[in-house]
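One letter stands for each residue in the lines below.
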Amino acid sequence: VQLMESGGGLVQPGGSLRLSCAASGFTFSSYVMSWYRQAPGKERELVAGITTAGGRTKYADPVKGRFTISRDNAKNTVYLQMNSLKPEDTAVYYCAAGFWGWGTTDYWGQGTQVTVSS
C-alpha cells in the first residue's frame, strides 16, 4: 500500500497550490479519502474529505471557500486545490484513506510541505 503526495512548495500569501496524492496497493474507489495537515507545534487536523464516488465533501472551517478536494478513481488519485493561501496554512499536508467512512484512516502518505510566506 502506498500513498504518495506531491505538489507542495513555497508560495506567497494569496497564491495557489494543487496537491496530488497517488494511491496504489488497495481498492482506491472503496475508500473515503481525506487531507490532513500538521503545523509545527500543533496537532494533526482534518482539512477536507471526500466520499468514495466523490459525491460528498466536507471541509474544516478555516479552509471553507478556499480549498477544494476532488478525486479521480480512474487514476487512483485525490487532489487538494488550495487558493487564497494564508501564512497559517503552512504545514505538512498528508493524504489518508479510510475504509469505514469519515474520520477513519487506514493508510497514510508521507506528507508534503506547504509553506506560505512572502
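None of these values were measured; they are calculated from a predicted model. (Residues numbered from 1 in each chain as written. Predicted model: local features only at pLDDT ≥ 70, side-chain atom pairs only at ≥ 80, totals over all residues. Heavy atoms only, no water.)

A. Fine view of the sheet that holds strand E3 (residues 17-24). The sheet built from four strands is open, its strands ordered E1-E3-E8-E7 with antiparallel pairing. Either end of the sheet is taken by a strand with one partner, and the two such strands are strand E1 (2-6) and strand E7 (67-72). In this sheet, neighbouring strand axes are inclined to one another by 15° on average, regardless of whether the strands run parallel or antiparallel. Sheet topology places E3 next to strand E8 (residues 77-82); six bridges connect them, and they run antiparallel. When the sheet's bridge partners are listed, Ser20 is paired in E8 with Tyr79. (Pairing = 2+ DSSP bridges. Helix = DSSP H or I, 4+ residues; strand = E, 2+ residues; numbered from the N terminus. Axes fitted to C-alpha atoms, helices over the stretch in contact; angles between N-to-C directions.)

B. Focus on the nonpolar core. Counting residues in each nonpolar core, the largest one holds 28 residues, and the members touching the most others are Trp35, Val78, Leu80, Met82 and Tyr93. Listed by contribution, the elements that provide at least two residues to this core are E3, strand E4 (32-38), strand E5 (45-50), E7, E8, strand E9 (91-98) and strand E11 (112-116). The contacts of Met82, once residues within four sequence positions are left out, are Gly15, Ser16, Leu17, Leu19, Arg66, Phe67, Tyr93 and Val114. (Core = buried A, V, L, I, M, F, W, Y, C linked by side-chain atoms within 4.5 Å. Buried < 20%, exposed > 50% of the residue type's maximum accessible area, 1.4 Å probe, protein only. Contact = heavy atoms within 4.5 Å.)

C. Spotlight on the state of the cysteines. A complete count under the given rule lists one disulfide for this structure. Covalently, Cys21 is tied to Cys95 through a disulfide, its sulfur atoms 1.9 Å apart. Between Cys21 and Cys95 the sulfur-sulfur dihedral comes to about 40°; the bridge is accordingly right-handed. With a gap of 74 residues between them, Cys21 in strand E3 and Cys95 in strand E9 connect regions that are remote in the sequence. (Disulfide = S-S within 2.5 Å.)

That's the geometry; what it means functionally is another story.
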